[in-house]
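Understanding the architecture of this molecule
Listed here are the chains, written in short residue letters.
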2 protein chains.
Amino acid sequence: MQGRWKRYLPILEWGRRYNRDTLVSDLLAAVIVTIMLIPQSLAYALLAGLPMETGLYASMLPLVAYALFGTSTSLSVGPVAVVSLMTASAVAPVAEAGSVAYIEAAVLLALLSGGMLLLFGVLRMGFLASFLSHPVIAGFITASGIIIAVSQLGHVLGVRGSGDNLWHLLGSLLSQWRALHWPTLLIGGGALAFLFWSRSGLQPLLQRTGLSQRAASTLARTGPVLAVIVTSLLAWWLDLGARGVALVGEIPAGLPGFTLPSSIPPLWSELLLSALLISIIGFVESVSVGHTLAARRRERIAPDQELIGLGAANVASGVSGGFPVTGGFSRSIVNFDAGAATPAAGAFTALGIALVALFFTPWLAWLPKATLAATIIVAVLSLVDLGILKRSWDYGLSDFAAVAITIGVTLLLGVETGVACGVLVSLALHLYKTSRPHMAVVGEVPGTGHFRNVERHQVITRSDILSLRIDESLYFANASFVESRLYGILEKYPETRHVILMCTAVNEIDLSALEALESINRQLAEREITLHLSEVKGPVMDVLAHTHFLEELTGKVFLSHHHAVQQVMEMEDEKRGDPVRNWVI
Amino acid sequence: MQGRWKRYLPILEWGRRYNRDTLVSDLLAAVIVTIMLIPQSLAYALLAGLPMETGLYASMLPLVAYALFGTSTSLSVGPVAVVSLMTASAVAPVAEAGSVAYIEAAVLLALLSGGMLLLFGVLRMGFLASFLSHPVIAGFITASGIIIAVSQLGHVLGVRGSGDNLWHLLGSLLSQWRALHWPTLLIGGGALAFLFWSRSGLQPLLQRTGLSQRAASTLARTGPVLAVIVTSLLAWWLDLGARGVALVGEIPAGLPGFTLPSSIPPLWSELLLSALLISIIGFVESVSVGHTLAARRRERIAPDQELIGLGAANVASGVSGGFPVTGGFSRSIVNFDAGAATPAAGAFTALGIALVALFFTPWLAWLPKATLAATIIVAVLSLVDLGILKRSWDYGLSDFAAVAITIGVTLLLGVETGVACGVLVSLALHLYKTSRPHMAVVGEVPGTGHFRNVERHQVITRSDILSLRIDESLYFANASFVESRLYGILEKYPETRHVILMCTAVNEIDLSALEALESINRQLAEREITLHLSEVKGPVMDVLAHTHFLEELTGKVFLSHHHAVQQVMEMEDEKRGDPVRNWVI
C-alpha cells in the first residue's frame, strides 16, 4: 500500500531526504527562476492571446501540483511557446479574441488536457507518446517556432498580424506595411538586437569582469530581464504609451480565484481533439526535457508518473484561471543551472510569482509588448532546426518524408493539422514498408553453416533447394504480397523441389498470414514442391502448434537452417543416388 | 507499347485465342446466368431501396465493361448483397427513400466508386486492399449478412422494417408485429422454406431422376428461379396484389439511357467516404472470388488490372442509371459451373438481360416482393460464418479482437462504421504489438554455434557477456521501449561487460531508433560496458554505414553471433588471463 502511495506521490520519497542544504539550493534557484519567469509568463499569455495575468496564474498552482506529483528534480512547469501557440489555434475558432468566452475556453482546454493526462497516467498509457517519432517532433517544433516568430513580428513592427498558419500571418503583415509604427519598431528592434547579442556576447563580457564561468552563464540568461527593465524605464521616461507604443498596461493585482468556466456545453466537444494533441505534444516535450536533464545527474524520471504530474499541473492551471502548461526547455534549463535540488524549488518559485502578482504588477504596466514579442522571437528561434531536413534526407526517404510533411503541413495548415498529419504519415509509411517486406534467396557462406543473401555474398546454393529468408513478421498487410512474391521467385528457380522458409525475422504470424501459408503449402504441393520452415521462434511456434498447419505442412520445421538444408539434401540425394549433381557455386 | 495496351485491355490477349468452342461454352453459360440473374438483379435493387429496373441496368453495361478490362475468366460482375446494403446505408442519409434524388445519389455513388477504382488501378494501388485483414473481412461479411437477412424479414412478414443497424431493424420489426400480413407471410415463408430445402434437397432428387451430378448441381441452383415462377403464377392466379401482397409491379420496359445525375454539388463530398469504402470492400470481395475461381483452373488474375475492370464496370453502371456493382460469389460460381470460358460470357449475359428488359418486363410485374426477399435471405445466410469467432479465438487474442469488434460495431452502428473500425483496430493492434517487441536473452545451444532463448532452451552463457535478441524492427514506436527494456534486463545481469545485440529480426532501423541506439551506446559506455551488434542484415547495414554510428560504437559489428561471442570471449580472457572463470551452464 505504501509503495502505491509512493508511486503516485513521489514527494513522499524525496520529502524524507529533505534537509537544510537542499532547502538553500531550492530557495536560491527559486529566486533566479522567478525573475526569469515573469517576462516569460507574460509573453506566453500574449502569444496565447490571453490577458497578461493568466500567464502569472499559469505559473503558480501548476508548479505546486507538479512538485507534489512529478518525478523530475529539475523540470520547470508552466506556459511554454509551442503549447501556448496550440492553445491560441485551438481557442480561436470557438471564441472571439479578447472575449470572456475566449478566456473560459482556454481554461476549459487546460482542464480537459489535464484530465486526459491524468487518465493516461492512471492507465499507464505513456507508451502512446512513442508514436510521435523524433523526425515528426523535430519537424513540428521547427515549424511551430517559425510560426510563433512570424506571429510576434507584428508586435515588434507595431502592426496587427493574425492567422494561424504562415501564409495568413505573412499576408496580414505585408498588407499592413504602411501602418508600420516607428517608435514601437525602435523599442522592439532594439530589444531584439540586444537579445540576439546577449545570447553569444554577454557571457564572455561578464567573464572578463571577473565572474566565474557558471555565474556569468547564469547572469547571461537574464538578458530578457535586462531588456524588460530597460525598455520599461524608457517607456515610463518618454511616456511611450501616449505615443502609441502598445504597453502591457494595468494587470489586476492579487492571486487567482478558484473558478470553473461558466458555460461548458457548446465548446466541450470541439476542444477535445485539441486537448488531446496539446496533452501529447506537451507530454512528449516535457518528458524529453526531463530525460535530458535527468541523464546529466544520473537520475531517472518515470514517464507514466510524469503523465500524472503534468495532468495535475494542468488541472491546477485550469481551476486557477490559467491555460495549458507543460515542462519547457528554456525554463527548466534555468532551474537546473540555478541548482534546484528537488521539486520543492518549483513550489518556491510559485511563491515568488505569487508575491509578484500581489505587489509588483504596477511596475509591469510600463513594459512594451514589443519587448515581450522580442523575447519570444529570440527564444523560439533556438527551437528552429532546419538541419533536421538534411539529416533525415541523408538517413532515409521515409524519415525525410515525415519531417518534410510535418513541417510543410504545419506551416501551411496550422499546428493541429501538422502534428496529426505527421503522426499519420509516419505510421502509414511504416505500415507501407512492412506491407512489402524484403525477401532474400540465401545460400551457405562456404564452411560456416551461416546463410546469407545470394546477391550480396559468395555463397553455395543447390538448384533443387530454394532457401528463402523473409525479412518481416507475417501479418495481414503483407500476407498476400509474400505469397505472390514467393511464386514470382519460384519462376526464376524452375528446378526447385524444396522451399525452406527461413523465419529468423518472422516475429509473428497472424491468422491472415497463416491462411496465406496454408495456401502456399497447397499450391507448392500441387507443383510437387515440399515446403519446410526453419528457425521459427518460440513464441511463433507456440501459436502454430495450436493449429492444423504443422500437420498439413508437406515438409518439416527445423531448429536451424543449416540443419534443414543438410537433412533435405540427404533426403534428396538418397532418392537420386547422386550426391553432387545439384551443387552450384 | 503493345504490351501496355495488353495490360490495360486483356481482351487483346484472350480475344486472339477466341474460337468456336469458347463461343459455344460462353453462349451456353450466358443463357443459364441470365435466367439466374433476373431475380438476383431485382432483389438487390430492392435491398438497395431502388426501383427494380435499376437492378437490370446495373446488370448490363457493367458486364460489358468488365469483359473488356477484367482479367478473370469466370467472375460475374453486377449487383451483390453487401455492396447493395452499403449503397442503401450511404444514400439514405443524403436523400429521401423513393425520391429521384435517392436514385441520383446511388448513380453518383457508382460513378465516384468507379472513378476511385480506376485511379487506384492506374496508380497500381491494389496493395491497399491487403490492409483489410481476413478476420476483418470475415467479420464484416458475417455481420452484413445478418443485417441484410433481418432487413428483408419485413418483406416476408408484410411489414415495413427500416434502419441500418441490427437494433433499429429489430425494433422496427417488433413494433409492427400486429401489422403482420398473413397472405404475404404465406408466400414469403413458403418461398423461404422451399429455398432452404432446395439448397440441400434438390440436387439429390434431380440426381435420382437420372441427371448427371453436374447437370443436377447446376439445375439445383435454379431454385430461386423456380420460386419466382411459382409465386408469380400464384400471385396472378389468386390476384394477390388486390389482397395486399406487395408485388414488383410495372417495370419500365427498354434499355437505360445514358445520363449523368442532374444535381451534383450538395451530395458530392458526403458520398466520398462511402464510395471509398464501397470501392475497397467491392474490390476485396471480387478479388477473393476471382482468386478462388482462377486457382481451380490454374489461372491467375492481376489485382491491379482488376481495379481497372471493376472501375470501368462501376462507371458503366453509373452512366446507364445503375448503382455500385462488383464481382459476386454466388453469381460467379454459377457462371463458372455453367462453363464460361472467357470474359465474353459476361457480355453475352448482358445481351440476355437487355432482351429481358426489352421484352419480358410485363411478366415480372406479378412477382411478389416477399419472394425476392426470401431469395436474398437464403443467399446471405450462406455468407454468415460465426465460426470465425471461434477460429480466431483459438488462434490469438488480437485476431479475435479484430473479428469481434468488426462484427459488434457493424451490427450496432452499421456497415461503414463497422468496416472502418475493423481496419483501424487491426492496424492499431499490430502497431501496439510492434511497439512492445519481444526481447530474449540468448545463449549457445552447446556445440552448435546456434543461440536460443535462455528461458526456453538449455544453453551456455557467460556472466560478463549479455547476448540479447530483439525480435522486431527498430522504429520510432518501439525505440524508447527497447532502450528502457534493455536497461531493465541489464539490472538482472550486473556483471555484464559486453552487450551483443543480435539483429536477425531487425529489418529496419529508422532515425528515431538510431538515436535510441546512440543513446544506449553512450549510456553503456558510462557504465564501462561495450556494445556490439551481430547478424545485421545487408539493407540495415547499408543505412548505418551512412551515419556516424559505426564510428561511435564502442564495440564491433559481427557477421555471426557465434563469431561475436568467440571474439569477445577471447578479448576478455586475454585481458584477465583466466579463460574459464566466467562460464555458467
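Residues numbered from 1 in each chain as written. Chains lettered and ligands numbered in written order. Predicted model: local features only at pLDDT ≥ 70, side-chain atom pairs only at ≥ 80, totals over all residues.

**Observations concerning the overall build of chain A**
What counts is decided by this rule: For the purposes of this entry, the term helix denotes a DSSP run of H or I that reaches at least four residues, the term strand denotes a run of E that reaches at least two, and both are numbered from the N terminus. Radius of gyration here uses only the C-alpha atoms, and the compact-globule reference equals 2.2 Å multiplied by the residue count raised to the power 0.38. As a rule, residues whose C-beta atom has 12 or fewer other C-beta atoms within 10 Å are exposed, those with 20 or more are buried, and those in between are partly exposed; C-beta atoms are placed from the backbone. Placing C-beta atoms from the backbone, we regard two residues as in contact once those atoms come within 7 Å.
Looking only at helices and strands, chain A has 26 helices and 10 strands in total. In summary, chain A has a C-alpha radius of gyration of 31 Å against a globular reference of 25 Å for 585 residues, an excess of more than 25%. Counting only C-alpha atoms, chain A reaches 105 × 60 × 60 Å along its principal axes. Looking at chain A residue by residue over its 585 residues, the buried ones come to 52%. Summarising the internal contacts of chain A: among those between residues at least 6 apart in sequence, 81% fall at separations of at least 24.

**What about the environment of A:Glu528?**
Residue and element names in this part refer to chain A. By secondary structure assignment, the location of Glu528 is in the loop between helix 23 (511–526) and strand 8 (530–534). We classify Glu528 as exposed; it has 8 C-beta atoms within 10 Å. Along the backbone, Glu528 and Arg497 are 31 residues apart, and their C-alpha atoms lie at a distance of 6.9 Å.

**A short note on the domain arrangement of chain A**
Rules: Domain boundaries shown here were taken from an automatic or database domain assignment.
As far as domains go, chain A holds domain 1 (13–404) and domain 2 (436–584). The C-alpha centroid of domain 2 of chain A is placed 57 Å from the C-alpha centroid of domain 1 of chain A.

**Examining the interface of chain A and chain B**
Taken together, the 45 residues of chain A in the interface contact 46 residues of chain B. The element contributing the most residues to the side of chain A that touches chain B is helix 21 (residues 415–435) of chain A, with six residues.

**Concerning the pairing of strand 8 (residues 530–534) of chain B**
Residues and elements named next belong to chain B. Which entries qualify depends on this criterion: Two strands are said to pair when DSSP picks up at least two bridges between them. Handedness of a crossover is defined as follows: orient the strands so they point away from the viewer, and if the path from the first strand over the helix to the second runs clockwise, the crossover is right-handed.
Counted residue by residue, strand 8 has five buried out of five residues, so it is predominantly covered. Neither face of strand 8 is open: one carries Thr530, His532 and Ser534, the other Leu531 and Leu533, and all of them are buried. As paired elements, strand 7 (residues 498–502) and strand 8 share five bridges and run parallel to each other. Residue pairing for strand 8: Val499 is matched across the bridge by Leu531. In this fold, strand 7 hands off to helix 23 (residues 511–526), which returns the chain to strand 8; that crossover is right-handed. Bridge count for strand 8 against strand 9 (residues 557–558) is two bridges, and the pairing is parallel.

**Some thoughts on helix 14 (residues 303–319) of chain B**
All names here are of chain B. Quick note on the threshold: A helix is expected to span 1.5 Å multiplied by its residue count minus one.
End to end, helix 14 covers 24 Å across 17 residues, agreeing with the expected 24 Å (1.5 Å per residue, within 8%). Counting buried residues in helix 14 gives 16 out of 17 residues, a clear majority hidden from the surface. Positive phi shows up at Gly321, right after helix 14, with a value of about 75°.

**Some details on the environment of B:Phe359**
Inspection of the secondary structure assignment puts B:Phe359 in helix 16 (residues 344–359). Sequence spacing of B:Phe359 and B:Tyr487 is 128 residues, and the spatial spacing of their C-alpha atoms is 80 Å.

**Here we look at the relation of the copies chain A and chain B**
Which entries qualify depends on this criterion: Superposition of the copies was done by least squares, using only C-alpha atoms of residues whose pLDDT is at least 70 in both.
Taken as rigid bodies, chain A and chain B are interconverted by a rotation of 180° and an axial shift of 0.0 Å, the fit giving an RMSD of 0.1 Å. Expressed as an axis order, the relation between the two copies is that of a two-fold axis. Using C-alpha coordinates, one finds that chain A approaches the rotation axis most closely at A:Ala505, a distance of 1.9 Å. A symmetric contact is evident, with 100% of the interface residues of chain A recurring at the interface of chain B.

**A closer look at the environment of A:Leu109**
All names here are of chain A. Inspection of the secondary structure puts Leu109 in helix 7 (residues 100–122). With 123 residues separating them along the chain, Leu109 and Ser232 place their C-alpha atoms 32 Å apart. Contact partners of Leu109, with chain neighbours within four places excluded, come to Thr87, Ala90, Val91, Leu271, Ser274, Ala275, Ile278, Phe323 and Pro324.

**Quick word on unusual backbone geometry**
All names here are of chain A. Phi angles above zero are rare outside glycine, and Arg124 is one such case at about 55°. Locating Arg124 in the fold gives a position in the loop between helix 7 and helix 8 (134–157). The residue Asp239 is not glycine, and still its phi comes out positive at about 50°. Within the element layout of this structure, Asp239 appears in the loop between helix 12 (223–237) and helix 13 (265–296).

**Focus: the pairing of strand 4 (residues 450–453) of chain B**
Note that strand 3 (residues 439–445) of chain B and strand 4 of chain B share four bridges and pair antiparallel. When the sheet's bridge partners are listed, B:Val445 is paired in strand 4 of chain B with B:His450.

**So, the packing of helix 5 (residues 61–69) of chain A against helix 16 (residues 344–359) of chain A**
Residues and elements named next belong to chain A. Just so we agree on the cut-off: All axes here are fitted lines through C-alpha atoms, helices being fitted over the stretch that makes contact, and every angle between N-to-C directions spans 0 to 180 degrees. Throughout this description, any angle smaller than 35 degrees is read as roughly parallel, any larger than 145 degrees as roughly antiparallel, any in the 65 to 115 degree range as roughly perpendicular, and the remainder as oblique. In this scheme, a crossing is called left-handed if the near helix is turned counterclockwise away from the far one by less than a right angle; it is called right-handed if the turn is clockwise.
For the pair helix 5 and helix 16, the least separation of the axes is 8 Å and the interaxial angle reads 165°. One way to sum up the angle between helix 5 and helix 16 is to call them roughly antiparallel. The element helix 5 and its partner helix 16 pack so that their crossing is left-handed. Contacts from Leu61, Leu63, Val64, Tyr66 and Ala67 in helix 5 reach Ala344, Gly346, Ala347, Thr349 and Ala350 in helix 16.

**Overview of the confidence of the model for chain A**
All names here are of chain A. Short version of the rule: As a per-residue measure, pLDDT tells how confident the predictor is, with possible values from 0 to 100.
Overall, the prediction assigns chain A a mean pLDDT of 87, with 96% of residues at 70 or greater. Looking at the elements of chain A, mean pLDDT is at its lowest for strand 10 (residues 583–584), recorded as 46, and at its highest for strand 7 (residues 498–502), recorded as 96. In the predicted complex, the global pTM is 0.83; the interface-specific ipTM is 0.82.

**Section: the packing of helix 6 (residues 81–91) of chain B against helix 7 (residues 100–122) of chain B**
Residues and elements named next belong to chain B. Threshold: Lys, Arg, Asp and Glu make up the charged group, whereas Ala, Val, Leu, Ile, Met, Phe, Trp, Tyr, Cys and Pro make up the nonpolar group; the residues left over, Gly among them, are polar.
Packing of helix 6 against helix 7 brings their axes to within 10 Å, and their N-to-C directions diverge by 120°. It follows that helix 6 is oblique to helix 7 by the angle criterion. Crossing of helix 6 over helix 7 shows right-handed handedness. For the pair helix 6 and helix 7, the contacting residues are Thr87, Ala90 and Val91 in the first and Tyr102, Ala105, Ala106 and Leu109 in the second. Across the contact of helix 6 with helix 7, the residue classes tally to six nonpolar, one polar and no charged.

**A word on helix 3 (residues 20–47) of chain A**
So the rule is basically this: The angle separating two fitted axes, one through the seven residues that finish at a residue and one through the seven that start at it, defines the bend at that residue.
Given a rise of 1.5 Å per residue, 28 residues ought to cover 40 Å, and the 39 Å separating the end C-alpha atoms of helix 3 of chain A matches this to within 8%. Of all the bends in helix 3 of chain A, the greatest reaches close to 35° and is centred on A:Leu37; the proline A:Pro39 follows between one and four positions later.

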